[in-house]
Structure formats: structure tokens, C-alpha cells
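Here's the letter readout for the chains.
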Amino acid sequence: MLVVDDEPNVRHAIAEMLRDEGYEPSVAGDGEQALAVLERQSFDAVLCDVRMPVMDGWTLLETLRREQDAVVVIMMSAYGDDGIALEVMRRGAYDYVSKPFTRDDILLVLKKAEERERLRRDNESLRENVHREYSFENIVARSPKMLEIFAIIRKIAEYKTTVLITGESGTGKELIARALHFNSPRRENPFVAINCGAIPANLLESELFGHVKGAFTDASRDKKGLFEQAHTGTLFLDEIGELPLNLQVKLLRALQEEEVRRVGGDLPIKMDVRTVAATVKDLTTEARTGRFRDDLYYRLNVLAIHLPPLRDRKEDIPLLIEHFLAKHCAKLGLPPHKITKPAVRLLIEYAWPGNVRELENVIERAVVLSDGSISPAELPAQILAPDTRVRAGDLGNGDNPLSLKDRVRDLEENLIRRALEVAGANRTRAAKLLEVSHRTLLYKMHQYGIK
């Protein structure tokens, strides 16, 4: 805390009072002395008189706003009136105190300033954490396909161009949309997301475009739509393939004209929004069959990003495992967990129909169930069982892939081998895992030649 006043008695009285309250004050007799002190030491706040010789408070305030904008400045004057109070605030001071003042007057202003600064720092920290969370470095991948996508995003992030993200459920389409936003010049402005398939069709138009009071029965007041809320930022339209045809027309107009009309309103509202859409559907097929407007499809598909399923980028799975282990151990307040090589091998071999989302859920479950080391025993049954799906390309190769007898034999043999692996070759424990008698297990092991 720096106290700046040309009257020695005043500045030292304030300094003593601050010292009694636990502050560490320094003092200066005019603006020039204050700047010299500020060059050597940083302060959270400056208490400054308005009228001083050499350099007055006005000049010091303007200098600080120009060179050290973060410091809180509180002005003081014995010639106070409402005009001075408004002027110091207009010029960038945090607050104004009129002399003579009491100890409580000063302490109240300082407490308010400290609370404001705490909120500002918290907001900055939150913003930095969000930016860091959605930076490319935090999207865990090393596969060539994903690295290529990162390169594309870096090229297009700064532009307003509409982006269409496609991929199976759970591949991380919203994560990519957020990365586009938080790595763009719009990062300080809103990111607004809506799932077009999760809101009833009769409510969706009002959600997107807003409504005016009296537009329908429950419209008791004007309401901004998501386009207006996303002004100067990014609007993420998830599951765009679920948008009803009548709203597709209105969305197309909004994108082309860069304006919206609220439900029941007449006046167009201009907007500056970057639109990112995502879908699990093949919009080319949807447009061809008339379920999606082809003109809207072409308007959305200016820049396309297709996210590969996890089964097509298995080299990312070990990285994702470590990432989710660290994330959920920290979230649950647990010490770092390890995972055994057999468990990792099973996770790599699994087909992951739910993609990255399913992998994260499996890891969180395993962290909860394990005692610090995740083995196959902590993995769900669908990962321990072999993949028995029949592919069309398997037909006509001599064996009959549709033979129930052969498929059951394969399943049984694989389950026995994996149970023995989980049990560390302990046949009694393996029998318990398989829920069969020890004698049955020995018979099956002999039948399948398992030693």
C-alpha cells in the first residue's frame, strides 16, 4: 500500500492506521516521489491526494493508468464535491474518499477494493484454466490423423468461417469446437452450445432466435436467443442433423444475412457470430434423401473436420489412459494409480463403440474399484470378452462365421484364457471368476488344450 500526500502529518497518520490493521504501507510526498517508489517496488493499491505540488494527483493517476493499469488507485481530497468524485472515477480511479475521513471510511474502501481485485484475479485464473484446458496441448493425441486435424484447426481458428465437425458419438466433437473458439481472437467472448436434438421442436426456435413479450402464451417478457447471447463469440450447434426442416430454413437465413428475428418480432437484429456445427449423421445422404436441406448443408460445410473413431487411432489409447488416470485420481482425491500391461493390452484391443467418452468412463470406474493398481479384474465384462461381431467380408472364406457352435467355442476358450490371465494362473480363482466349478474348468482346459 502506497500513501501519497504532501502533508507529512496526514500521510504518516494514514500509514500508522494501516499498519495497525496489518497492512505494510510506504509513503511519498508528491506524484514524482510516488513514481520513484513505484519503480523500485510494486503495490496492490495507491491512496493519493488530489492537490499536491510538483506533480498532483491527477497527473499521477493518468500516469498510472497509462503505465501500471493493474494497480488500484483511491483518490483523496479536502475539497471534495460530487463533481470531483465523478471526475476521478471517470479518469480511472477505483474510488474517492473526502477529507476529513474516519478510519472506517478508509478501511471500507480498501476492503471493497481487495474484494474486487480478488474477483478479478479469480476470473483471470478461471479464464486461463479454460484456455489451457482447450489448448491443443491438452487434447491428448499423437496419431497422424489427429495431428493433421490440429494443424487444420490452427489454420482456421482465427477466421469466422463456418465449420462442420463430423464423427461418431464420443469422439470429442465439442472439445474440438471449444478448441476452435479458445484458440481464436474470440476467446474472451461467449462460447454458447446447444444440442439441437435435446430440445423439443416447438421450443427450439425460441431458444435459437429468442422471442418478444406476448409472442406465445408463456412469453411474459422479451428473451434473447442463443444467437444473440453468442454475439462476438462462437455458437456451437451440436447434432445439427436433428434440426427440424422448418427451422433449417430460418437457420440458413440467419447465417446468410447475419441477423435474426425473435419469435413474434418484426425488427432484424444484427449479430457477429462464428457458427460451428457437429453431427454424427452423414449429411450428404440426409440431403440426398430430403431429410436435410442441401442449401443449408453447403452453407455449413465450408470447412469440414472429420474425427476418426478411437478404434482407428489406437496409438492414442495409452496416452488417453494415462491422461484419464491422472484426471480422475485428482478429481476423486486419490493417490496416483498405475495400470498393468495386460489391462492396457485389453484396452488397446477393444473396439470402443463409445469412443473416447467410453474409455474415460471405463478408466473412472477402474480407478474407483482398484486399490492403486488397475488389472484386468477392474475392467468391465465387455472388454474382457472377445469381439464376436461378424463382418460381411468374413463370409465365404471356407469356415462358417455364422456357426453358433463355433462362435460359442471361441467365446468360451477366450474367456477361460483371460480369466486365467486375470487370476495369475490360479485355477481356483479363475473358476470363481468364470462362475463354474473347479472340475469343470479343468475339463474345459483339457478340451481346448490350455495349459
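Values in this document were obtained by computation on a predicted structure and should not be read as measured data.

The rules we used
Residues numbered from 1 in each chain as written. Predicted model: local features only at pLDDT ≥ 70, side-chain atom pairs only at ≥ 80, totals over all residues. Heavy atoms only, no water. Phe/Tyr/Trp six-rings, centres within 6.5 Å; stacked < 30°, edge-to-face > 60°. Helix = DSSP H or I, 4+ residues; strand = E, 2+ residues; numbered from the N terminus. Buried < 20%, exposed > 50% of the residue type's maximum accessible area, 1.4 Å probe, protein only. 1 Å grid on protein atoms, 1.4 Å probe; cavity = no way out; pocket = protein on both sides within 12 Å on 5 of 7 lines; lining within 4 Å. Points joined across faces, edges and corners; volume = space filled by probe spheres on them. Nonpolar A, V, L, I, M, F, W, Y, C, P; charged D, E, K, R; others polar. Pairing = 2+ DSSP bridges. Axes fitted to C-alpha atoms, helices over the stretch in contact; angles between N-to-C directions. pLDDT = per-residue confidence, 0-100. Contact = heavy atoms within 4.5 Å. Salt bridge = Lys/Arg side-chain N within 4 Å of Asp/Glu carboxyl O.

**Details of the packing of aromatic side chains**
Phase 1 of the analysis: Enumeration according to the criterion identifies five aromatic pairs in this entry.
Phase 2 of the analysis: When the centroid spacing of 6.2 Å and the interplanar angle of 25° are considered together, the rings of Phe 191 and Phe 236 count as stacked. In this pair, Phe 191 sits in strand S7 (residues 191-195) while Phe 236 sits in strand S10 (residues 234-238), placing the two residues 45 residues apart along the sequence.
Phase 3 of the analysis: Judged by centre distance (4.6 Å) and plane angle (85°), the rings of Tyr 350 and Trp 352 are edge-to-face.
Phase 4 of the analysis: With a relative accessible area of 0%, Trp 352 lands in the buried category.

**Here we look at the layout of surface pockets**
Phase 1 of the analysis: The volume enclosed by the second largest pocket comes to roughly 360 Å³.
Phase 2 of the analysis: Forming the walls of the second largest pocket are 18 residues, and the residues nearest its centre are Phe 43, Asp 44, Ala 45, Glu 117 and Arg 121.
Phase 3 of the analysis: Here the lining of the second largest pocket gets six residues from one element, more than from any other, and that element is helix H5 (residues 103-133).
Phase 4 of the analysis: Split into classes, the residues belonging to the lining of the second largest pocket amount to nine nonpolar, three polar and six charged.

**Observations concerning the sheet that holds strand S13 (residues 274-279)**
Phase 1 of the analysis: In spatial order, the strands read S7-S10-S13-S6-S14; together these five strands make up an open sheet with parallel pairing. Either end of the sheet is taken by a strand with one partner, and the two such strands are S7 and strand S14 (303-306). Across the sheet, the mean angle separating the axes of adjacent strands is 15° when strand polarity is ignored.
Phase 2 of the analysis: When S7 meets S10, the two strands line up parallel, connected through five bridges. By the bridge assignment for S10, Phe 191 is matched with Thr 234.

**So, the pairing of strand S6 (residues 163-166)**
Phase 1 of the analysis: Here S6 shows two buried faces, one formed by Val 163 and Ile 165 and the other by Leu 164 and Thr 166.
Phase 2 of the analysis: Strand direction decides the pairing type here: S6 and S13, joined by four bridges, are parallel. In the sheet register, Leu 164 faces S13, and the bridge partner there is Ala 277.
Phase 3 of the analysis: Across four bridges, S6 lies against S14 in parallel orientation. Residue pairing for S14: Thr 166 is matched across the bridge by His 306.

**Quick notes on the confidence of the model for the protein chain**
Phase 1 of the analysis: Per-chain confidence: the protein chain averages 85 in pLDDT, with 90% of residues scoring 70 or above.
Phase 2 of the analysis: Here residues 388-399 is modelled with pLDDT under 50, and outside its nearest four sequence neighbours on either side it reaches six contacts, counting other chains as well.

**Overview of the environment of Leu 247**
Phase 1 of the analysis: Relative to the elements of secondary structure, Leu 247 occurs in helix H10 (residues 245-257).
Phase 2 of the analysis: Each C-alpha atom of the pair Leu 247 and Arg 154 lies 32 Å from the other, and the pair is 93 residues apart in sequence.
Phase 3 of the analysis: Apart from residues lying up to four places away in sequence, Leu 247 is in contact with Ala 201, Leu 204 and Glu 205.

**Overview of the pattern of salt bridges**
Phase 1 of the analysis: Counted under the stated rule, the structure contains 30 salt bridges.
Phase 2 of the analysis: Residue Asp 272 is joined to Lys 160 by a salt bridge in which the shortest nitrogen-to-oxygen separation is 3.1 Å. Residue Asp 272 is located in the loop between strand S12 (269-270) and S13, and its partner Lys 160 is located in the loop between helix H6 (144-156) and S6; the two are separated by 112 residues in the primary sequence.
Phase 3 of the analysis: Accessibility expressed as a relative area gives 26% for Asp 272, which makes it partly exposed.
Phase 4 of the analysis: Residue Lys 160 is classed as partly exposed on the basis of its relative accessible area, which comes to 31%.
Phase 5 of the analysis: Salt-bridge contacts for Glu 207 lead to Lys 223; the nearest nitrogen and oxygen are separated by 2.7 Å. Of this pair, Glu 207 sits in helix H8 (residues 201-209) while Lys 223 sits in strand S9 (residues 223-224), and the two are 16 residues apart along the sequence.
Phase 6 of the analysis: On the basis of relative accessibility, which here comes to 24%, the residue Glu 207 falls in the partly exposed class.
Phase 7 of the analysis: On the accessibility criterion, Lys 223 (24% relative accessible area) is partly exposed.
Phase 8 of the analysis: Here the salt bridges share partners, and the residues they tie into one network are Glu 62, Glu 87, Arg 90 and Arg 91.

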